[in-house]
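Commentary on secondary and tertiary structure
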Amino acid sequence: MKIEDQTYKSKTRKYIEKFPFLHDFIYSKVKNLRAKKMDIEARSIINKIYNKKACDLFSHVQIETISKCNGKCSFCPVNTYTDPRNLEFMDEEVFFKVIYELKKISYKGVVSFFGNNEALLDKRIVDWIERSREILPQAVFSLYTNGTPLNLSKFIRLTDILDEFIINNYSDNGKLHSNIEEIIKYQETSNKNYKNVTIRKRLENQIMHTRAGNSPVALNQVKVAATCTYPFHQINILPSGNISLCCNDAYGEQIMGNIKNNSLVKIWNNQNYKDLREKIYSTRQNIKICKSCDEIQNHDDYIHKSKLIDKSI
């Protein structure tokens, strides 16, 4: 088990954030400089999996079974104060349609059982992941949670079936929640080291990237021209069965298809995806929802997921 502290802010950072215009000016300069470098790295990845308008099969499937989060993170477009979505649960039939389709293609990539939500608010999810593990023994299972609905019993069950279990402990004072402290104490007295578990101390209030322009606290948006790797390796399934553009499309503004009407593979190779990949390969400014997105570390996500897959082989 690893415990990471991501709450630290330098005195300079704290000072700059007091002055939005100063922060925005510096942020835009740094972001544009980094975007050029990230664009080169992203294209090097895309060119390995995308050729002559044909794209390799997705290597990351993200399944959102409930459309709500109980978090209050100021930077998130789906926090409890600002989320415009109605509460929706994925039908069990739809969930296992996805799982059995992945079995049919002998899928060995990453399956993330979360999206823009708190997955553990869905009381069915642990049972479903356990059943999915029996169906997809070679896939890489991942779950990110804010930890608030987590108890010791769920923790033990999930650590037995997940390859990656990230617990984000959000607190501006850096303190661990009592249930997370209980889990750490249990780990210290158990015979397992839980290498698949990472507990991250994170700030609840901070400024991050724009999340496709939907972050409530994003400052003046930086227009990034860089391409993006997500449409070339990641497929995102919403509770309705809709396939959204990417993990930053929190509200499902751009739909690529619906799993109820078609298979994952057919959707991945449909004309909607082909047209989008051709446009975004040139620049994200060609896509309406992507114009306001300033995330430039998407290639890091691809590299991280690839390492998880390689580790499991």
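Scroll up a little and you will see the structure.
Criteria and thresholds
- Residues numbered from 1 in each chain as written.
- Predicted model: local features only at pLDDT ≥ 70, side-chain atom pairs only at ≥ 80, totals over all residues.
- Heavy atoms only, no water.
- Helix = DSSP H or I, 4+ residues; strand = E, 2+ residues; numbered from the N terminus.
- Rg over C-alpha atoms; globule rule 2.2 N^0.38 Å.
- Buried < 20%, exposed > 50% of the residue type's maximum accessible area, 1.4 Å probe, protein only.
- Lys, Arg positive; Asp, Glu negative; His and termini not counted.
- Charge placed at Lys NZ, Arg CZ, Asp CG, Glu CD.
- Axes fitted to C-alpha atoms, helices over the stretch in contact; angles between N-to-C directions.
- Parallel < 35°, antiparallel > 145°, perpendicular 65-115°, else oblique.
- Left-handed = near helix turned anticlockwise from the far one by under 90°.
- Contact = heavy atoms within 4.5 Å.
- Nonpolar A, V, L, I, M, F, W, Y, C, P; charged D, E, K, R; others polar.
- Phe/Tyr/Trp six-rings, centres within 6.5 Å; stacked < 30°, edge-to-face > 60°.

Here's the deal with the overall build of the protein chain
Within the protein chain, the regular secondary structure consists of ten helices and eleven strands. The C-alpha radius of gyration computed for the protein chain amounts to 19 Å, which stays within 12% of the reference 20 Å derived for 313 residues, consistent with globular compactness. Principal-axis analysis of the C-alpha atoms gives the protein chain an extent of 50 × 50 × 35 Å. Across the 313 residues of the protein chain, 55% fall into the buried class. Charge-centre separation for the protein chain: the mean point of 48 positive side chains lies 5 Å from the mean point of 36 negative side chains.

Quick word on the packing of helix 4 (residues 125-135) against helix 5 (residues 152-159)
The N-to-C vectors of helix 4 and helix 5 enclose an angle of 15°; their axes lie 10 Å apart at closest approach. Classified by the interaxial angle, the pair formed by helix 4 and helix 5 is roughly parallel. As helix 4 runs across helix 5, the sense of the crossing is left-handed. Mapping the contact onto sequence places Val126, Asp127, Ile129 and Glu130 in helix 4 and Lys154, Arg157 and Leu158 in helix 5. Counted by class, the contact of helix 4 with helix 5 contains three nonpolar, no polar and four charged residues.

Re the packing of aromatic side chains
Throughout the structure, instances matching the rule amount to 15 aromatic pairs. When the ring of phenylalanine 113 is compared with that of phenylalanine 141, the centres are 4.9 Å apart and the planes differ by 80°; the resulting orientation is edge-to-face. Note that phenylalanine 113 is positioned in the loop between strand 5 (110-112) and helix 4 and phenylalanine 141 in strand 6 (residues 140-145), a separation of 28 residues in sequence. There is no split in this pair, since phenylalanine 113 and phenylalanine 141 are both buried. Each ring, one from tryptophan 268 and one from tyrosine 273, has its centre 5.1 Å from the other, and the planes form 50°; the classification is tilted.

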